[in-house]
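So you can see what is in the structure, the chains are spelled out below.
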Amino acid sequence: VRRLDPSELLPRRLQSLLLDQRPARSPEDVVEWFGAMQAQDLASGEWSFGVRCHGLTKADVHRATVDRGILRTWPMRGTVHFVPPRDARWMLEVTGVRALAGAARRREFLGLTEPIVDAAAEVLLEALRGGGCLTRGECVQRLVDAGVHTASEHGYHLLWYASQIGVTCIGPQQGKEQTFVLLDEWVPDPRVLDRDQALAELALRFVRSHGPVTRHDLARWTGLTVGDATRGIALAGDQLQPVEVDGTEMVMAVAQVEGPPPADPGVLLLPGFDEYMLGYKDRDAMLTAEQFEAVVPGRNGVFKPTVVVDGRVAGTWGRIVRKGSVQVTVTPFGALGAGTRKGLERAVGEYGAYLALDPRLVVRDD
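Let us look at the structure shown here. (Residues numbered from 1 in each chain as written. Predicted model: local features only at pLDDT ≥ 70, side-chain atom pairs only at ≥ 80, totals over all residues. Heavy atoms only, no water.)

### Quick word on the environment of Gly 337
- With respect to the element layout, Gly 337 can be found in the loop between strand S13 (325-332) and helix H16 (338-355).
- Exposure remark for Gly 337: the relative accessible area of 37% places this residue in the partly exposed category.
- Each C-alpha atom of the pair Gly 337 and Val 313 lies 15 Å from the other, and the pair is 24 residues apart in sequence. (Helix = DSSP H or I, 4+ residues; strand = E, 2+ residues; numbered from the N terminus. Buried < 20%, exposed > 50% of the residue type's maximum accessible area, 1.4 Å probe, protein only.)

In structure tokens:
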């Protein structure tokens, strides 16, 4: 087992997360590398591509959804992710089933029976058949018109259920409106993997895009059991290599262990739900418990966007979009040195270019 110095952990992870070097990449390249990327908040999910791809714009990311290069659905943990379209079906079959099982109690609480949710999915199937694309509001109205009277109150759960069982998926955004399409029509040539192939693929993609990681990180990310995570790592075979970091057993992709050392990423302006924060069970290497409270106030599950310097979270940020401009307000956790301030100005400039807006940086306590 190769032993890594603890100082290598964060640089290696930034490298795996495609944050150490950010050349010209496409959204398709990035999501293929990860397998799945957090996207419950659309703006955050889109910027997760922008921060990894030099010169990419928000319009480019939207175009990738229209062109069916990337797709949003609920493949694991009942949470929206961007995935490669051809991988959506097998992911739902392997990881989505656990989210469905866990939702039974929620349905009971809402007063939704299995016949009701299945009837709703059938209504959506018929409404969207033949290349249809409806907004969330239009989907709910179709359900109400078809006699699914609980749809006006529990529309989100019914739409989630239809996507979770693979009937629908999220289509291209229309302005501020989410849309839905039929998964089988949107992706007519899905990849077909058996369960062992799927476990190996999930393990390989997660480890190569987040490593060094533990098997518990993989289990948490996929929503699978630790036993399935362990099996997936074993099935990935010689593509993965065990390593030890400060006495903790972890695993990395062989190509990264043997590859060039990570580059210095400089100052990063990461979205709130980026894989950098969401991909790990233990975040102690990235920030203190007090800082975590500032990133996730009240531990309510809503992550603020973060400023990352040398792999450590150095503050949070927010934005105000005005006509023709975007103001980025940074709340640092401590004093910013001149080098960090300069790096922050560069990062904000890149964010402005991504949005095609003039950027303005405001640092609190300046």
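### A few points about helix H8 (residues 151-164)
- For H8, which comprises 14 residues, the first-to-last C-alpha distance of 17 Å sits more than 12% below the rise-based estimate of 20 Å (1.5 Å per residue).
- Along H8, the helix axis deviates most sharply at His 157, where the bend reaches about 40°.
- Within H8, 11 of the 14 residues are buried, leaving the element largely enclosed by the surrounding structure.
- Buried within H8 are the following residues: Ala 151, His 154, Gly 155, His 157, Leu 158, Leu 159, Trp 160, Tyr 161, Ala 162, Ser 163 and Gln 164.
- Elements in contact with the buried residues of H8: strand S3 (71-76), helix H5 (88-110), helix H6 (114-128), helix H7 (136-145), strand S6 (168-174) and strand S7 (177-182).
- Note on H8: the residue one or two positions beyond its end, Gly 166, has a positive phi of about 85°. (Expected span 1.5 Å × (residues − 1). Bend = angle between axes of the 7 residues up to and from the residue. Contact = heavy atoms within 4.5 Å.)

### A closer look at unusual backbone geometry
- Geometrically, the link from Gly 211 to Pro 212 is a cis peptide bond, its omega value of 5° lying close to zero.
- With respect to the element layout, Pro 212 can be found in the loop between helix H10 (195-210) and helix H11 (215-222).
- Even without being glycine, Arg 68 reaches a positive phi, approximately 65°.
- Residue position: Arg 68 is located in the loop between helix H4 (58-66) and S3.
- Despite not being glycine, Asp 246 shows a phi value in the positive range, around 55°.
- If you trace the backbone, Asp 246 turns up in the loop between strand S8 (240-245) and strand S9 (248-253).

### Describing the packing of H6 against H7
- Where H6 contacts H7, the axes come no closer than 10 Å and their chain directions differ by 115°. The hand of the H6/H7 crossing is right-handed. Facing Ala 120, Val 123, Leu 124 and Ala 127 of H6, the residues of H7 in contact are Cys 139, Arg 142 and Leu 143.
- Residues of the contact of H6 with H7, tallied by class, amount to six nonpolar, no polar and one charged. (Axes fitted to C-alpha atoms, helices over the stretch in contact; angles between N-to-C directions. Left-handed = near helix turned anticlockwise from the far one by under 90°. Nonpolar A, V, L, I, M, F, W, Y, C, P; charged D, E, K, R; others polar.)

### As for the side chain of Gln 291
- Within the secondary structure, Gln 291 is located in helix H15 (residues 289-295).
- Note on Gln 291: relative accessible area 18%, which makes it buried.
- Each residue touching Gln 291, except ones within four places of it in the same chain, is listed here: Arg 312, Val 313 and Phe 333.

### Here's the deal with helix H2 (residues 27-34)
- Turning to H2, its buried residues number three or more, namely Pro 27, Val 30, Val 31 and Phe 34. Buried residues of H2, viewed axially, fall in a sector of 90°; they line one side.
- Directly beyond the C-terminal end of H2, a positive phi value near 90° is found at Gly 35. (Arc of directions from axis to C-beta.)

### Some thoughts on the side chain of Thr 329
- The residue Thr 329 is located in strand S13 in this model.
- Here the side chain of Thr 329 touches Gln 327 through a polar contact of 3.1 Å, side chain to side chain.
- Setting aside residues up to four positions removed in sequence, Thr 329 forms contacts with Thr 316, Trp 317, Gly 318, Val 362 and Arg 364. (Polar contact = N/O pair within 3.5 Å; in protein donor to acceptor, adjacent residues only side chain to side chain.)

### With respect to the pattern of salt bridges
- Taken as a whole and judged by the stated rule, the model has 18 salt bridges.
- Here Glu 293 and Arg 299 are joined by a salt bridge, their closest N and O atoms 2.8 Å apart.
- Overall, Glu 293 belongs to the partly exposed group, its relative accessible area being 34%.
- Look at Arg 299 and you get exposed, because its relative accessible area is 52%.
- With a shortest N-O distance of 3.0 Å, Arg 346 and Glu 350 are connected by a salt bridge. Here Glu 350 and Arg 346 lie together in helix H16, a separation of four residues that amounts to about one turn.
- Each of the salt bridges in this network shares a partner with another, and the network as a whole consists of Glu 32, Asp 87, Arg 191, Glu 201 and Arg 205. (Salt bridge = Lys/Arg side-chain N within 4 Å of Asp/Glu carboxyl O.)

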